[in-house]
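Fold and geometry: a report
The chain contents come next:
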Amino acid sequence: MSEQAGKVARLRPALGFTSLAAALALVATGCAQQPVAEKEEVDVSAEATAGGDLTVLIEIPARSFDPAVDNTMASTGDGARNAAVFDHLLYLDPATGEAIPHVAESLTPNDDGTVWTLTLRDGIEFSDGTAYDADAVKYTYEHIVEVGVQAIGRTVDTWTMDVVDPLTLEITTPEATMHLDKLIADSLPYIVSPTAMEEDPEGFAEDPVGAGPYMLDEWVRDSHEVYVKNPNYWQEGKPHLDSVRMELVSDAAQRVNAISTGQADMQTPSASSDLALIDQAENAGLNVASIDVNGGGWIYLNNQRAPFDDVRAREAIYRAIDRTGLAEVAQGSPSARAIETLFTETSPFYAEDLTFPEPDAERAQELFDELADEGTPVEFDYVNVAGDVNARQAQYIQSQLSEFENVSVTIDTIDLPAARERVFMNRDFDMSPYPGAYRYPDPEPALYNLLITDGSSNTPGYSNADVDAALDAARATTDPDERAEQYRIVQERFMADLPGLFTFQPRIDSVMTDEITGLVVNSRGTLVWSELGFRE
């Protein structure tokens, strides 16, 4: 459904970036920033006590409990639910990028990174009593390939998988990689019961069987789900909670209000980075746990069709938009920061001299005019994904571009499920935001998947042979100096090609009451549910 549409006025640059940003920020937030009350820090790593019924708020309705059809793995969507039912084979640390074995005991490569050996813990069963073994892992990955929804399936389809024994699976890859553990932790962590899937392939999506800490007990579509403790869970004494209720509340402000008034205990961790709401939550006395991560707010530019198949159009967008103002408006706070480099200063791959283009209205207009003179004016559709941050962002971009001649933008807002099909699967867009922020604590696998030709997250359709070669070379080694050299090449080419628009500096925020502890999340913000519970 189109929420806002129309051609923008065509004017020469007039307003300064700062003044326009401030004006839009006030319009977007509806009020001036309020001071955040000081609050005593609460430790969320303490061991949870046994028992309790948790209500967690989530913004996206459940679609399916078949992990093969979840192509986002997001903490705010089906990823949160799948983690509760299936648990993590491995998970990716959001700060270090390290792959941490969980249900798996280990996942290790041979000397040249062409054969990886997955070893499972002994004695683990699915909630139907069948074995969580190497055959189940192989079956799940073949199922993902067969279903064909997840882009990662194309990569899995190139593997050779051999079951050595019930606890050992060997994976042979066509190309050397020393980072397959990170890819599996990030994109392939959820394993299904083959027995349950074979008995009822259609029903499995609504009645899943996994080895996670919780089992689905009730699902009322577009309302809520209730999960109860799995009595056969593999970790003794866990999970801590007796039950989890996931309640659908799509409006972010309503979620904060519900938690502050005691109607819920927390919301799923999120990288949507609405700092105004975070301030609101802290002022309401709630606990906010945050993790700074590499990456940024990310807006796709479709490199496969006009106007953004021309690098001059992409540069013009960077030159025309004040990204600092965009970050402040999008996140609803003057403390918001724009991402300036592909890696933060704490990353071993940080390159201070390789930054995104600075705003330059004169240069932007030159590029817009040049393209128009050639008969290819920058006229495009912005397929917006519903949500407060995205709405403010789209409005700001449209307003900024309205100051220029020979550029026009139409905004079409759709919900996330529709965007999954239109943007991520069919690539039917010119410009569109990535929901939340695109994060990569390590370049493997997220940055690789974003930029490699035909990568599973390469929605813009970007392709550069030098980038492909550098990414593959970095993937084939663990040597830090060699990796840094290859990722410098990637950054140099990215700054020249500008395949998409990076915006604000991201972080993962968890909003909850002070009673919640045992907070462990992966790089996508998905909870490790077995640890979560109430404070004693």
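Residues numbered from 1 in each chain as written. Predicted model: local features only at pLDDT ≥ 70, side-chain atom pairs only at ≥ 80, totals over all residues. Heavy atoms only, no water.

**Section: the overall build of the chain**
Formally: Helical segments are the DSSP runs of H or I of at least four residues, strand segments are the runs of E of at least two, and each set is numbered from the N terminus. Each radius of gyration is computed over the set of C-alpha atoms, and the globule rule expresses the reference value as 2.2 Å times the number of residues to the power 0.38. Residue exposure (1.4 Å probe, protein chains only): buried if accessible area is under 20% of the type maximum, exposed if over 50%, otherwise partly exposed. In what follows, residue pairs with any heavy atoms lying within 4.5 Å of each other are defined as contacts. Using a 1.4 Å probe, accessible areas were evaluated by the Shrake-Rupley method; residue-level cover was limited to the displayed protein chains. The charged-residue count follows a simple rule in which Lys and Arg add positive charge and Asp and Glu add negative charge, with His and chain termini not counted at all. The atoms used to mark charge sites are NZ of Lys, CZ of Arg, CG of Asp and CD of Glu.
Of the regular secondary structure elements, the chain holds 16 helices and 22 strands. The C-alpha radius of gyration computed for the chain amounts to 23 Å, which stays within 12% of the reference 24 Å derived for 536 residues, consistent with globular compactness. For the C-alpha atoms alone, the extent of the chain along its principal axes is close to 70 × 55 × 45 Å. Scored against the burial criterion, the 536 residues of the chain give a buried share of 57%. Here the contacts in the chain between residues at least 6 apart in sequence split such that 74% fall between residues at least 24 apart. Approximately 20,600 Å² of the chain is accessible, and the part contributed by carbon and sulfur atoms is 45%. Distance between charge centroids for the chain: 5 Å, based on 34 positive and 94 negative side chains.

**Some details on a negative patch on the surface**
Keep this limit in mind: Candidate patch residues must exceed 30% relative accessible area and have no salt bridge, after which like charges are joined if within 9 Å and Val, Leu, Ile, Met, Phe, Trp or Tyr side chains if within 5 Å. Any carboxyl oxygen of Asp or Glu within 4 Å of a side-chain nitrogen of Lys or Arg constitutes a salt bridge here.
Negative charge collects at one region of the surface, where Glu-125, Asp-128, Glu-199, Asp-200, Glu-202 and Asp-207 lie side by side. Mapping Asp-200 onto the fold places it in the loop between α6 (194-199) and β8 (214-220).

**A short note on the packing of aromatic side chains**
Stated formally: In summary, the pairing rule links any two rings of Phe, Tyr or Trp, Trp by its six-membered ring, whose centres are within 6.5 Å, and it sorts them by plane angle into stacked for under 30 degrees, edge-to-face for over 60 and tilted for everything else. In this scheme, Lys NZ or Arg CZ marks a charge over a ring once it lies within 6 Å of the ring centre and within 35 degrees of the ring normal.
Under the defined criterion, the tally for this structure stands at 24 aromatic pairs. Measuring from ring centre to ring centre gives 5.8 Å for Phe-494 and Phe-502, while their planes differ by 40°; the resulting arrangement is tilted. An identical accessibility class is assigned to Phe-494 and Phe-502; each is buried. A cation over a ring is seen here: Arg-475 above Tyr-448, with NZ or CZ 3.4 Å from the ring centre.

**Regarding the packing of helix α15 (residues 465-475) against helix α16 (residues 480-497)**
Stated formally: Axis lines are fitted to C-alpha atoms, over the contacting stretch for helices. Their N-to-C directions set the angle, which ranges from 0 to 180 degrees. Our angle categories are set so that under 35 degrees counts as roughly parallel, over 145 as roughly antiparallel, 65 to 115 as roughly perpendicular, and the remainder as oblique. Handedness of a helix crossing follows the sense of rotation of the near helix relative to the far helix, less than a right angle counterclockwise being left-handed and clockwise being right-handed. All amino acids are sorted into three groups, where Ala, Val, Leu, Ile, Met, Phe, Trp, Tyr, Cys and Pro are nonpolar, Asp, Glu, Lys and Arg are charged, and the leftover types, Gly among them, are polar.
Here α15 crosses α16 at 160°, and the two axes come no closer than 9 Å. Looking at the two axes, α15 sits roughly antiparallel to α16. Where α15 crosses over α16, the two elements pack in a sense that is left-handed. For the pair formed by α15 and α16, the contact residues are Asp-466, Val-467, Ala-470, Leu-471, Ala-473 and Ala-474 on the first element and Arg-483, Gln-486, Tyr-487, Ile-489, Val-490 and Arg-493 on the second. Looking at side-chain class alone, the contact of α15 with α16 contains eight nonpolar, one polar and three charged residues.

**Regarding the nonpolar core**
Note the threshold: To qualify as a nonpolar core, a set must consist of buried Ala, Val, Leu, Ile, Met, Phe, Trp, Tyr and Cys residues joined through side-chain atoms within 4.5 Å.
Judged by nonpolar contacts, the single largest core of 68 residues is most densely connected at Leu-54, Leu-89, Tyr-132, Tyr-141, Trp-159, Ile-184 and Trp-529. When residues of this core are assigned to their parent elements, the largest contribution, six residues, is made by helix α3 (residues 134-147). The residues touching Ile-184, leaving out its near neighbours within four places in the chain, are Leu-89, Leu-90, Leu-107, Tyr-141, Trp-159, Ile-171 and Pro-189.

**Digging into unusual backbone geometry**
Cis rather than trans, the peptide bond between Lys-238 and Pro-239 has omega equal to 0°. With respect to the element layout, Pro-239 can be found in the loop between β9 (224-229) and β10 (243-248). A cis amide bond, omega 0°, links Glu-444 with the succeeding residue Pro-445. Looking at where Pro-445 falls in the secondary structure, it is placed in the loop between β18 (438-439) and α14 (446-451). In this structure, Arg-427 is a non-glycine residue whose phi angle is positive, near 50°.

**Looking at the environment of Asn-426**
Inspection of the secondary structure assignment puts Asn-426 in the loop between α13 (416-425) and β17 (431-433). For Asn-426, a relative accessible area of 51% gives the class exposed. Between the alpha carbons of Asn-426 and Pro-359 there is a distance of 32 Å; along the sequence they are 67 residues apart.

**A word on the pairing of strand β15 (residues 378-385)**
Inclusion rule: Should DSSP find at least two bridges between two strands, the strands are regarded as paired. A clockwise course of the path from the first strand over the helix to the second, judged with the strands pointing away from the viewer, identifies a crossover as right-handed.
Counted residue by residue, β15 has six buried out of eight residues, so it is predominantly covered. As defined by bridge partners, β15 adjoins strand β16 (residues 407-414) across eight bridges and the pair is classed as parallel. Paired with Val-383 across the bridge in β16 is Asp-412. What joins β15 to β16 is helix α12 (residues 388-401), and the crossover it makes is right-handed.

**Here's the deal with empty space enclosed by the protein**
Where we set the bar: The rule is simple: put a 1 Å grid over the protein atoms alone, call a set of points where a 1.4 Å probe fits but cannot get out a cavity, call an open set with protein on both sides within 12 Å along at least five of seven lines a pocket, and count a residue as lining if it has an atom within 4 Å of a point. Grid points are joined across faces, edges and corners, and a volume is the space filled by probe spheres set on the points.
In the structure shown here, the tally under the stated rule is one cavity of 30 Å³ or more. Estimated volume of the largest cavity: approximately 40 Å³. Pro-67, Met-73, Tyr-141, Ile-144, Gln-150, Ser-187, Leu-188, Pro-189 and Tyr-190 together form the lining of the largest cavity. Within the lining of the largest cavity, the residues separate by chemical class into seven nonpolar, two polar and no charged.

**Some words on the sheet that holds strand β6 (residues 160-165)**
Taken in spatial order, the four strands of this open sheet run β4-β5-β7-β6, and their pairing is antiparallel. Edge strands, defined here as strands with exactly one partner in the open sheet, are β4 (104-109) and β6. Looking at each pair of strands side by side, their axes are set apart by 20° on average, direction ignored. Across five bridges, β4 lies against strand β5 (residues 115-120) in antiparallel orientation. Bridging from a neighbouring strand, Leu-107 pairs with Leu-118 of β5. α3 contacts β5, β6 and β7 (168-172) of the sheet and is inclined by roughly 165° relative to β6.

**Some details on the pairing of β8**
Sheet topology note: the β8/β9 ladder contains six bridges and is antiparallel. The residue bridging Glu-218 from the neighbouring strand is Val-226, located in β9. Hairpin geometry of β8 and β9 is characterised by an intervening segment of three residues between the two adjacent antiparallel strands and by a positive phi of about 60° at Asp-222.

**Let's talk about the pattern of salt bridges**
One pass over the full model with this rule turns up 29 salt bridges. Across the pair Arg-312 and Glu-370 runs a salt bridge, and its minimum N-O distance is 2.7 Å. Here Arg-312, found in helix α9 (residues 311-320), pairs with Glu-370, found in helix α11 (residues 361-373); they are 58 residues apart in sequence, far enough to count as distant. Of the residues examined, Glu-370 reaches a relative accessible area of 32% and is grouped as partly exposed. The salt bridge involving Asp-428 is made with Arg-422; its shortest N-O contact spans 3.9 Å.

Remember that the coordinates give geometry; whether it matters functionally is a separate question.
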